[in-house]
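Structural characterization, general
Okay, here's what each chain looks like letter by letter:
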Amino acid sequence: MRMKLTALFILLLFGAAAAEARGQSPEDPCAYAQRSPEQMACAEKELKDAEAELKRARARLAENMEARPLLRMRQAERAWLRYRKSNCDAEASIYEGGTIQPFIQTLCMARVTRARASELLVQLKTLIE
């Protein structure tokens, strides 16, 4: 058990070091931003990049699907968009009234969007194998 924990710690340490070398913390890709306008600009860029990743993943998956499953995927995506908004609204609500709230919400949306893009790519891999 101790060996597994040590290995996990080492992996996390290397992952954090790699992110730090890129100027990012693993938890906060906008850690370098010091003022609210810089933070929001960074978060908005993160969200824009994440949405582009998601768009590419959706397109790749859609081009490999038949009409009926494609319709269901689109229905799921609409439901997922509602989930993303609700989830990130809740996550940011603890900062309600603060200037950090929109930053937290936007970073949440970027993080959740990247996770969704990854999910779709796993579906694609399963579909084409």
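Everything discussed here concerns the structure shown above.
The sections below set out a description of the structure shown in this document. (Residues numbered from 1 in each chain as written. Predicted model: local features only at pLDDT ≥ 70, side-chain atom pairs only at ≥ 80, totals over all residues. Heavy atoms only, no water.)

1. Section: the overall build of the protein chain
Scanning the protein chain from terminus to terminus reveals four helices and zero strands. Tracing the protein chain from N to C terminus, the helices and strands come up as α-α-α-α. Sorting the 129 residues of the protein chain into buried and exposed places 27% on the buried side. For the protein chain, contacts bridging at least 24 residues in sequence account for 61% of all contacts bridging at least 6. Just so you have it, the protein chain exposes about 9300 Å², and 59% of that area is on carbon and sulfur atoms. (Helix = DSSP H or I, 4+ residues; strand = E, 2+ residues; numbered from the N terminus. Buried < 20%, exposed > 50% of the residue type's maximum accessible area, 1.4 Å probe, protein only. Contact = heavy atoms within 4.5 Å. Areas by Shrake-Rupley, 256 points an atom, 1.4 Å probe, with all protein chains shown as cover.)

2. Looking at the environment of Met109
With respect to the helices and strands, the residue Met109 is situated in helix 4 (residues 101-128). Between the C-alpha atoms of Met109 and Glu44, which are 65 residues apart in sequence, the distance is 9.6 Å. Filtering out sequence-adjacent residues up to four positions away, Met109 remains in contact with Leu47, Arg84 and Cys88.

3. Description of the pattern of salt bridges
Tallying each qualifying case throughout the model produces nine salt bridges. Residues Glu91 and Arg111 are paired through a salt bridge, measuring 2.7 Å at the closest nitrogen-oxygen approach. In this pair, Glu91 sits in helix 3 (residues 67-92) while Arg111 sits in helix 4, placing the two residues 20 residues apart along the sequence. A residue is classified by how much of its surface remains accessible, and Glu91, at 31% relative accessible area, is partly exposed. Accessibility expressed as a relative area gives 44% for Arg111, which makes it partly exposed. Close ionic contact of Glu119 with Arg116 constitutes a salt bridge, the shortest N to O distance being 2.9 Å. Taken as a pair, Glu119 and Arg116 lie in helix 4 at a separation of three residues, close to a single helical turn. (Salt bridge = Lys/Arg side-chain N within 4 Å of Asp/Glu carboxyl O.)

4. Quick notes on helix 3
Under the 1.5 Å per step criterion, the end-to-end length of helix 3 is 37 Å for 26 residues, consistent within 8% with the ideal 38 Å. All of the buried residues along helix 3 are Leu70, Met73, Glu77, Trp80, Arg84, Cys88 and Ala92. Where helix 3 is buried, its residues contact helix 2 (36-62) and helix 4. (Expected span 1.5 Å × (residues − 1).)

5. A few points about the state of the cysteines
Linking two cysteines covalently through their sulfur atoms gives a disulfide. This model, assessed by the stated rule, comprises two disulfides. Between the sulfur atoms of Cys30 and its disulfide partner Cys42 the distance amounts to 1.9 Å. Between Cys30 and Cys42, the S-S dihedral sits near -85 degrees, and the bridge is therefore left-handed. Highlighted residues: Cys30 in the loop between helix 1 (2-21) and helix 2 and Cys42 in helix 2, separated in sequence by twelve residues. (Disulfide = S-S within 2.5 Å.)

6. Some points on the nonpolar core
Counting 16 residues, the largest nonpolar core has Leu54, Leu61, Cys88, Val112 and Leu120 as its most contacted members. Of all the elements in the fold, those that place two or more residues in this core are helix 2, helix 3 and helix 4. Those residues in contact with Val112 that sit more than four places away from it in its chain are Trp80, Tyr83, Arg84, Asn87 and Cys88. Core analysis: the second largest hydrophobic core is formed by seven residues, Cys30, Ala43, Ala92 and Phe103 among them. (Core = buried A, V, L, I, M, F, W, Y, C linked by side-chain atoms within 4.5 Å.)

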